[in-house]
Amino acid sequence: MSYPRGSEWRKWDLHVHSPESAFANEYEGATLDEKWEKFLDCLEQLEDISVIGVTDYFSIDGYIKAQAFKDTGRLANIDFLVPNVEFRLDHSTRTGTAINIHVLFHPSIVGLVKDVLFPGLKFSYRNNEFNCTRESLIRLGRVYTDNSGLEEHAAFEEGANQFKVSVDHLKDVLAKNTDFSGKYMIGVPNSNRDGNSGLREENLRALREELYRLAHCIFSSNPRDKCYFLGNGPDSKDEIIRNYGALKPCIHGSDAHSLDKVCAPDEDRFTWIKADPSFEGLKQILFEPEDRVCIQKDSPALDFPKAHFSSIRACGDIFDDEKPCFQDCSIPLNHNLVTLIGGRGTGKSLLLDVMHRTFYQPSSNIKSHERLSRIGSPEFDIVLTKSDGEENPFSHRDGPNTFEYLHVRQGEVKEVAENKKELGEAIKKLLGFIQNESRWSVSKGVVALNRDQHELQEWFEEKDSEGDLINSEEYQKNKKNSLQGLKDTITTEETKEKISSFSSNSSQIGKLKKAKKDAVSLRDDLKTSQLKLNQKIDLLNGKGVPVDIRIEQVDFAAIKSQLEAYEIAVAEKIESLGAANANISEELLARGIKGDISGLLDKVSEYQQGIEECDSVLEDIATSKARLKSVCQDRVALAEDIVLSIEEERASFEKKYAEIAAGNPDATDDHKEIIQELLKNIEIKGELLFDKEKFWEGLNDFFDGRKIRREALTEVFPIHDADDYFSLILNAPMVQVQDDKLMCLTDFVLNTELFLKRDIYGFYNYLYSEDSRNKYLQVVPSIKYFGKEPHQLSVGQRGTFYVCLKLATSAFLTPFVFDQPEDDLDNAFIVEELEPIFRKIKKHRQVIIVTHNANLVVNSDAEQIIIASNDDEEISYKSGSLECPEIRKEVCRILEGGETAFKKRERRYELR
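Residues numbered from 1 in each chain as written. Predicted model: local features only at pLDDT ≥ 70, side-chain atom pairs only at ≥ 80, totals over all residues. Heavy atoms only, no water.

S.K.: Help me out: how do you make sense of the state of the cysteines in this one?
M.R.: By definition, a disulfide links two cysteine residues through a covalent bond between their sulfur atoms. In the structure shown here, the tally under the stated rule is zero disulfides. Cysteine 325 supplies the cysteine sulfur nearest to cysteine 315, a cysteine that is in no disulfide, at a spacing of 8.0 Å. Classification of cysteine 315 as buried rests on a relative accessible area of 16%. (Disulfide = S-S within 2.5 Å. Buried < 20%, exposed > 50% of the residue type's maximum accessible area, 1.4 Å probe, protein only.)

In structure tokens:
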């Protein structure tokens, strides 16, 4: 193929007069040959003109001569020359200037133009009939000047100046010979000077309209003309088609008659056509008058810069264990719409599979990934060209590579659409759903409360060697009374007062020692905390955040100093009380009290220390009970946060979807319009789903099945829906026990024998933690498409919804790859929605599809068609444009309805 990348924007100048032109010929040179040489030199200096319309009045000789030069190696920088014959009609503008009309011909019928068209056009003068051949025009010039010896060139110029063409006559000659059919394009200038706009008189209105109907295109660079003839002005598309037979593209040229004007139109209003440089390429502006031609200074390709895959090279075995293989091939890729077609087994999808594996690792839980996971190590290189033109090569053998683009695998849409849960998760992902901060806070709170309650519960359940609960009030009070009794038995009336003082001092010494120990612990904690906090501050200061403020480091020196003073004071007090007890011991000895005074005081000290320990444990019991009660109260508050976070999550779906539907505030109007078009029939909200059976299935594990059965338990816990669940975790008085008494959840758990207390931590975790809660309570997206719930939609309709959302939520500037959309989508959507979607989004992002659908290829106006072939398990590819005759033939051969699709496209903007 001459142009394997397909249709691309190229600069065309379809109105360049040759040195052969009869009128206003200002080309430099003393002779015609010299003029041609300078003309050719000028053309060869051009660097960015692809096509030139070689123009002559009533003649095609200039084109023939220019093409002859090109055939011998001149004009190598110009891709294509097209003959443009300019006629003057037998009607004038109100200023008396003859109306001009252009006919551009397919180069293959140049002989037909000379031999049939020119002889067939007639003009009468002085009862003589003249035709449009060069010889006849020379004769007309000599007759008109009454000078039979007039030089040939001057006679031709005068004859051409007098010769006028009838519109009806021109139409008749072109229509009579079917060899002209489809091989010419008529362009009508729209200027006031020598164009159709000069016919302003009311009696010429019918002629003006007839010329517009006759025209295939309008020669005008006026933006208002472009809007008008495309139906974007005061008259609608339907009115333009009804009045003039079709929408009309506008083209423009330099109208050069001198070297300085060659391909230099006024105001840099260049004509850009997105097509192969050929007559078939030129005809594309008739079928796509809005999208295939543009008049502006710079290439329209620069209007929407975008990252795109610009080339692929494939070679070698695709799978390690079986055929087929890639024939060594390089495929340049168009940056707009690329379509891959081919018969069954030709390898069109395999190319996209290898591309997918180059960038993504397939997950094992999706069935259609089986083929992807078997792909071996073929040579496969793909080049990404960024929006600024920088090229980034990627290799399959280095994959998966780090570039994210939108790739919809073959069968992916159906897999997601068939499974409601998977569709919901996919929608969450597409919406960019992220848990709000309150949910993270709630999750952390659940963990902290469960940990606290678990630690408290374990502490209360500690036992001694006899199996008694040592951290109960009864146990500690009994132990304290026993120690007090022991102390009383060794105390006499004679020693009572001193023993009491000794005991009091010992009690204070015990408290002081504990205080000293706590102070030392606090000092160590401060040291550790200071180190950790300062490490975090250092990290924060070093993050490179562009602010001038730095966080000062933490210094607990003042508190440490206070603690040191506190420890010294405590030590001094302990020493003082110790001295007082030593004095008591000496006084008892001095009184001559019989017995082992030293042993007596040691025992008193021992018993008193035990009593102090009991008091300390009793204080801990009171504190722990208060903390346990506080945990329960905190759990109620936490439950309120859970309910609030769930409601926020539910509302966030609608909010997030509304943000997407509105479009990014910084997005272009085109982008916003595309998003609104994609989402126009979609509604998304959040929905709360409570699975009662799964809830009971899990809850049943925490109760003693020997004491209560599931049926009875459901009466105790009447949980039927999400509201009942919320009431339960909010500790509403709803747990029903004996005699229809209602008890809050906390009291029930702590007091009933039905509950397996050893698993209280797991029970609360089951009710409150997000991981457990998600098993029976979920917030899911509630969707409607065309007002219908998912269960009312076909799989194809659900797939359509999914694709629309996928396109609307992905970045516009990355490529979009879709493997066989027609397999999973409704045909009505493909024809009515997907075609226009592709036509719009391809301007803003590269689209690559594999398809069997002729409408997606032809009526989406694909810029490039890649055709896959399989010859004895060796896969190869060739590519080109829709306007390439060979490609068109293959499209019609491979795709059912291909010819019909072409006809539909070619008549889309015409009167039927």
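Having put the structure on the table, let's press on.
S.K.: Would you take a moment to explain the pairing of strand E13 (residues 325–332) for this structure?
M.R.: Consecutive side chains along a regular strand alternate between the two faces of the sheet. Here six bridges tie strand E12 (residues 308–317) to E13, and the two strands are oriented antiparallel to one another. By the bridge assignment, aspartate 317 is partnered in E13 with cysteine 325. (Pairing = 2+ DSSP bridges. Helix = DSSP H or I, 4+ residues; strand = E, 2+ residues; numbered from the N terminus.)

S.K.: It is not clear to me how the confidence of the model for the chain should be interpreted in this structure. Could you clarify?
M.R.: Low-pLDDT stretches of the model should not have their predicted coordinates read in fine detail. Looking at the chain as a whole, the pLDDT averages 84, with 88% of positions reaching at least 70. Within the chain, strand E19 (residues 735–736) has the poorest average pLDDT of any element, 52, and strand E10 (residues 270–274) the best, 97. (pLDDT = per-residue confidence, 0-100.)

S.K.: Can you help me understand the environment of lysine 629 in this one?
M.R.: Its location among the elements puts lysine 629 in helix H19 (residues 597–662). Separated by 176 residues in the primary sequence, lysine 629 and glutamine 453 place their C-alpha atoms 9.7 Å from one another.

S.K.: Please clarify how helix H27 (residues 795–808) should be interpreted in this entry.
M.R.: The α-helix winds at 3.6 residues per turn, so residues separated by three or four positions along the chain end up facing the same way. Over its 14 residues, H27 runs 20 Å from end to end, which matches the ideal 20 Å to within 8%, given 1.5 Å per residue. The element H27 is largely enclosed, with a buried count of twelve among its 14 residues. Where H27 is concerned, the buried positions are Gly796, Arg798, Gly799, Thr800, Phe801, Tyr802, Val803, Cys804, Leu805, Lys806, Leu807 and Ala808. (Expected span 1.5 Å × (residues − 1).)

S.K.: What should I look at first to understand the sheet that holds strand E25 (residues 874–880) in this one?
M.R.: Hydrogen bonding along the main chain pairs the strands of a sheet, whether they run parallel or antiparallel. With mixed pairing, the ten strands of this open sheet are ordered in space as E16-E15-E12-E13-E25-E24-E14-E23-E22-E17. Both outer strands of the open sheet, strand E16 (391–395) and strand E17 (406–408), are each paired with one neighbouring strand and no more. With strand direction ignored, the average angle separating the axes of adjacent strands in the sheet is 15°. (Axes fitted to C-alpha atoms, helices over the stretch in contact; angles between N-to-C directions.)

S.K.: Can you walk me through the sheet that holds strand E9 (residues 250–251) in this structure?
M.R.: Across the sheet, which stays open at both edges, the nine strands sit in the order E9-E8-E7-E4-E3-E2-E1-E10-E11 with mixed pairing between neighbours. Of all strands in the sheet, those bounded by a partner on one side alone are E9 and strand E11 (293–296). Pairing geometry for strand E3 (residues 80–92) and strand E4 (residues 98–105), over six bridges, is antiparallel. Within the sheet, the bridge partner assigned to glutamate 86 lies in E4 and is histidine 102.

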